[in-house]
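Now for the letters of each chain:
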Amino acid sequence: MHWHILGAGAIGCLYAARLASAGCRVTLLLRNSQRLDAFHAADSAISISRDGEYARYAVAAQTVSDAEPGISHLLVTTKAHESESAISSILPKVAADAQVVLLQNGAGHQHHSVQLLAPRPVWAGVTTAGVRRSDSFTLLPAGAGTTRLGPLARCPASLPDGWARIEPPVIADAQIENAIWQKLAVNAAINPLTAIHGCLNGDLQNDQYRDTLETLCREIESIATRCGYHLFDRPLYEQVLEVARQTALNRSSMLEDVSQGRRSEIEFINGFLARTAREQAIDAPLNLALYEQIAAQDSKESA
Ligand code: KPL
């Protein structure tokens, strides 16, 4: 089978390499000819650094506008705020019965994508794989992580074609929406605080953040509970401290976005929670304040 990947960021490139290793044909769909030139300059391959050596994965690439109609398998790994326009740009070329996987951060956008992609089957995934890039197509993995994948709409019970052969194995999760909320909750606690304080994930274990983090976690838990999601078997605060410990030396994706002047995913993380809290008449003032602070910074960048 032939997977086309929309969104050649770190996770898109990682999954291009994993799908290629699983025996799938892979084509990266790139935004424009400059990105395609950069890919050719990188020897038309994705490189992954491992133990001081680079493993090379030769995959194909083309621009979205050069793609031929009849795409049978589409993996979407764009930033949440780009997914609607990116999917719309490729949609006329995606077969009506194509399998589609959304592997993105945040929540709220999946619902629009499912509508846009009808009648195609859509799965959603959540990954904790840690990966940075030293350049556009060279990956520096920081932990294989766990990837869960489950049906969002119109899917058969099985994993999409080829995904059962991926290494490390993808976990089939019939309750993928719960897994999306779990990831969302952890990101909503760690990402805005690290972005605002310019600190590493591990710094959030320090006493100075304790009250803020505890309050924020309680707000997030009350929103999730009202929406019928069970987050973790322990308080979210303890789970967040554990993730902060495990990823202590990481700069969160939001800290990276904000410090590089890129638009962050705040709208689909704390913004999504703020809108949900309002709809459910829940008071979550700290989440709202963090959302507004980063959203204001985002709009200054894009002005
Ligand atoms: O997913 C992450 C992110 O940075 O977006 C965490 C879990 C916070 C790890 O850095």
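Since the model is a prediction, treat every value here as computed from it, not as a measurement.

Our focus in this paragraph is the site of the ligand. In the vicinity of the ligand, the contacting residues are Lys 183, Asn 187, Ile 190, Asn 191, Asn 201, Val 243, Asn 250, Ser 252 and Ser 253. Asn 201 is positioned such that a nitrogen or oxygen atom in its side chain is 2.9 Å from an oxygen atom of the ligand. For the ligand, an oxygen atom lies 3.2 Å from a polar atom in the side chain of Asn 250. With the chains in place, 85% of the 280 Å² that the ligand exposes on its own is no longer accessible.

Pairs can form between side chains of opposite charge whenever their charged atoms are close. Applying the stated criterion across every chain yields a total of 7 salt bridges. In this structure, Arg 210 engages Glu 214 in a salt bridge whose closest nitrogen and oxygen atoms are separated by 3.7 Å. Residue Arg 210 and its partner Glu 214 are both found in helix 6 (residues 210-226); the two are separated by 4 residues, about one turn of the helix. Given the relative accessible area of 23%, Glu 214 is considered partly exposed. A salt bridge links Arg 275 to Glu 267; the shortest N-O distance between them is 2.8 Å. According to the relative accessible area criterion, Arg 275 is partly exposed, its value standing at 28%. Exposure remark for Glu 267: the relative accessible area of 24% places this residue in the partly exposed category.

Residues Ala 118 and Pro 119 are joined by a peptide bond in cis, for which omega reads 10°. Considering the arrangement of structural elements, one finds Pro 119 in the loop between helix 4 (109-117) and strand 8 (122-127). Backbone torsion omega between Glu 167 and Pro 168 reads -10°, so that peptide bond is classified as cis. Within the secondary structure layout, Pro 168 lies in the loop between strand 11 (147-153) and strand 12 (171-172). Of note in this structure, Asp 43 is not a glycine but carries a positive phi near 70°. Mapped onto the elements of the fold, Asp 43 is located in the loop between helix 2 (33-41) and strand 3 (45-50). A positive phi angle is found at Asp 51, which is not glycine, with a value near 50°. Secondary-structure assignment places Asp 51 in the loop between strand 3 and strand 4 (53-58).

This brings us to the nonpolar core. In terms of nonpolar packing, the biggest core is built from 45 residues, with Trp 181, Leu 213, Ile 220, Leu 236 and Leu 273 touching the most fellow members. The set of elements that each furnish at least two residues to this core consists of strand 8, helix 5 (176-197), helix 6, helix 7 (236-246), helix 8 (253-259), helix 9 (270-279) and helix 10 (285-302). Ranked by the residues each element gives to this core, the list is headed by helix 5, at 12 residues. A domain-level breakdown of this core finds at least three residues from each of domain 1 (2-173) and domain 2 (179-302). Excluding its chain neighbours within four sequence positions, the residues that come into contact with Ile 220 are Ala 185, Ala 188, Ala 189, Leu 236 and Leu 273.

So, how was this worked out
Residues numbered from 1 in each chain as written. Predicted model: local features only at pLDDT ≥ 70, side-chain atom pairs only at ≥ 80, totals over all residues. Heavy atoms only, no water. Near = heavy atom within 4 Å. Polar contact = N/O pair within 3.5 Å; in protein donor to acceptor, adjacent residues only side chain to side chain. Areas by Shrake-Rupley, 256 points an atom, 1.4 Å probe, with all protein chains shown as cover. Salt bridge = Lys/Arg side-chain N within 4 Å of Asp/Glu carboxyl O. Helix = DSSP H or I, 4+ residues; strand = E, 2+ residues; numbered from the N terminus. Buried < 20%, exposed > 50% of the residue type's maximum accessible area, 1.4 Å probe, protein only. Core = buried A, V, L, I, M, F, W, Y, C linked by side-chain atoms within 4.5 Å. Domains from an automatic or database assignment. Contact = heavy atoms within 4.5 Å.

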